[in-house]
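Residues per chain are reported as follows:
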Amino acid sequence: MKSHQPRKRFGQHFLTDQHVLREIMHCLDLKKNDNVVEIGPGQGALTSYLLEDLDHLNAVELDRDLITLLQQKYDAKQLTLYSADALNFSYSSLSKNKNDLRIVGNLPYNISTPLLFKLFSEINFIRDMHFMLQKEVVLRLTAKVGTTDYSRLSVMSQYFCNNDYLLTVPPEAFDPPPQVESAIVRLTPKIQNTLSEKQFNVFSQVVREAFNYRRKKLGNCLKRLIDSKKLITLDIDPNARPQDISVAEFIRISELISVE
């Protein structure tokens, strides 16, 4: 079987470190009948470990050469491959029960943020997600309010999920090594989101607007959407910076705007 050369246009960096792979498996703590979806199986480094612990695995891969390689390597009864772009794939179509999908992957850095938002749109079908991402993205996902890493991605992801930083992964764990450190994150969907569809659309707009001007005071950032005096009625300081506003406070702002 000829080896596959990593493709720059797909952002391919194949995880090869066996210790890191075993650590990921430890974090996953799989049961035989878990409904797991692997995004971007690559050459199958993690896939091999997953198939040892699972009755069946679904995987989504864009690179047709890799699909051919994986088809030669694994039993089609145990591994179902979907030739698709991860950004356009319907993950919910693989769900058998509510909140049963366990999604895992070493995500290409160039699509990681849009892919997370795509998965948030199907969050009601997902039990948990474990991803290898650029370390700075994981720092934003797990950032506490008031820190420099706290951003739009922090607020939006923490609205949907509880996020845990699990492990830092050095560049030499990959072939070819990326120029940045990576990290593994666990995202566990929250049982219930509090906003209606209309309120959530306002929430998205409020968070985007706030972090477009993150160095400005909140009252100035949001002046198109809400008056500073109304922020005071919510017990929110209009002179605070966006990075000092919690998810719960952004929700309160959105709820007030939605009723007007």
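Residues numbered from 1 in each chain as written. Predicted model: local features only at pLDDT ≥ 70, side-chain atom pairs only at ≥ 80, totals over all residues. Heavy atoms only, no water.

Now for the overall build of the protein chain. Assigned secondary structure in the protein chain consists of 10 helices and nine strands. For the protein chain, whose C-alpha radius of gyration is 20 Å, the value lies close to the compact-globule estimate of 18 Å for 260 residues. Overall, the C-alpha framework of the protein chain stretches about 65 × 40 × 30 Å when taken along its three principal axes. A total of 260 residues make up the protein chain; the buried ones form 50% of that total. The long-range share in the protein chain, meaning contacts at least 24 apart out of those at least 6 apart in sequence, stands at 65%. Here the protein chain has roughly 13,100 Å² of accessible surface; of this, 48% comes from carbon and sulfur atoms. Side chains of the protein chain carry 33 positive and 31 negative charges; the gap between the two charge centres is 6 Å. (Helix = DSSP H or I, 4+ residues; strand = E, 2+ residues; numbered from the N terminus. Rg over C-alpha atoms; globule rule 2.2 N^0.38 Å. Buried < 20%, exposed > 50% of the residue type's maximum accessible area, 1.4 Å probe, protein only. Contact = heavy atoms within 4.5 Å. Areas by Shrake-Rupley, 256 points an atom, 1.4 Å probe, with all protein chains shown as cover. Lys, Arg positive; Asp, Glu negative; His and termini not counted. Charge placed at Lys NZ, Arg CZ, Asp CG, Glu CD.)

With that settled, the discussion passes to the packing of aromatic side chains. Evaluated as defined, the whole model comprises 11 aromatic pairs. Look at Tyr 150 and Phe 211: their rings are 6.2 Å apart centre to centre, the planes differ by 65 degrees, and that puts the pair in the edge-to-face class. Linking Tyr 150 in the loop between α5 (135-141) and α6 (152-160) with Phe 211 in helix α7 (residues 197-212), this pair joins segments that are 61 residues apart in sequence. Looking at Phe 211, the relative accessible area reads 11%, which means it is buried. (Phe/Tyr/Trp six-rings, centres within 6.5 Å; stacked < 30°, edge-to-face > 60°.)

Strand order in the open sheet formed by seven strands is β4-β3-β2-β5-β6-β9-β7, with mixed pairing between adjacent strands. Every other strand in the sheet has two partners, leaving β4 (79-83) and β7 (161-169) as the edge strands with one partner each. Between one strand axis and the next, the sheet turns through 20 degrees on average, direction left out of account. Examined bridge by bridge, strand β3 (residues 57-61) and β4 share five bridges and lie parallel to one another. Across the sheet, the residue bridging to Leu 57 is Leu 79, located in β4. Along the sheet, helix α1 (residues 18-28) makes contact with β5 (101-106), β6 (126-134), β7 and β9 (182-189), crossing β6 at roughly 155 degrees. Of the strands in this sheet, β7 and β9 touch α6, which is tilted by about 120 degrees from β7. (Pairing = 2+ DSSP bridges. Axes fitted to C-alpha atoms, helices over the stretch in contact; angles between N-to-C directions.)

Turning our attention to the confidence of the model for the protein chain. Residues with a pLDDT of 70 or more make up 95% of the protein chain, whose mean pLDDT is 93. Note that residues 6-11 has pLDDT below 50 and, in this model, 14 contacts with residues that lie over four places away or in other chains. (pLDDT = per-residue confidence, 0-100.)

This brings us to the pattern of salt bridges. Here the idea is simple: oppositely charged side chains can pair when their charged atoms come close. Within this structure, the stated rule accounts for seven salt bridges. The salt bridge involving Glu 122 is made with Lys 118; its shortest N-O contact spans 2.8 Å. Residue Glu 122 is classed as buried on the basis of its relative accessible area of 7%. Residues joined by salt bridges that share partners form a network here, namely Asp 34, Arg 102, Arg 127 and Asp 128. (Salt bridge = Lys/Arg side-chain N within 4 Å of Asp/Glu carboxyl O.)

Okay, helix α10 (residues 247-259) next. Side chains that are three or four residues apart share a direction in an α-helix, a result of its 3.6 residues per turn. Compared with an ideal rise of 1.5 Å per residue, which puts 13 residues at 18 Å, α10 spans 19 Å between its outermost C-alpha atoms and is within 8% of the ideal. Along α10, the positions that sit buried rather than exposed are Val 247, Glu 249, Phe 250, Ile 251, Ile 253, Ser 254, Ile 257 and Ser 258. Among the structural elements, α6, α7, α8 (218-221) and α9 (228-233) are those in contact with the buried residues of α10. (Expected span 1.5 Å × (residues − 1).)

Looking now at the packing of helix α4 (residues 112-120) against α6. Two elements in contact, α4 and α6, have axes whose closest approach is 11 Å; the angle formed by their N-to-C orientations is 25 degrees. Overall, the two elements α4 and α6 adopt an arrangement that is roughly parallel. The way α4 lies across α6 gives a crossing that is left-handed. Residue-level contacts link Thr 113, Phe 117 and Phe 120 of α4 to Arg 152, Leu 153, Met 156, Ser 157 and Phe 160 of α6. (Parallel < 35°, antiparallel > 145°, perpendicular 65-115°, else oblique. Left-handed = near helix turned anticlockwise from the far one by under 90°.)

Let us look at the side chain of Ser 157. Tracing the sequence through the fold places Ser 157 in helix α6. Classification of Ser 157 as buried rests on a relative accessible area of 0%. The residues contacting Ser 157, other than those within four sequence positions of it, are Phe 120, Leu 141 and Asn 163.

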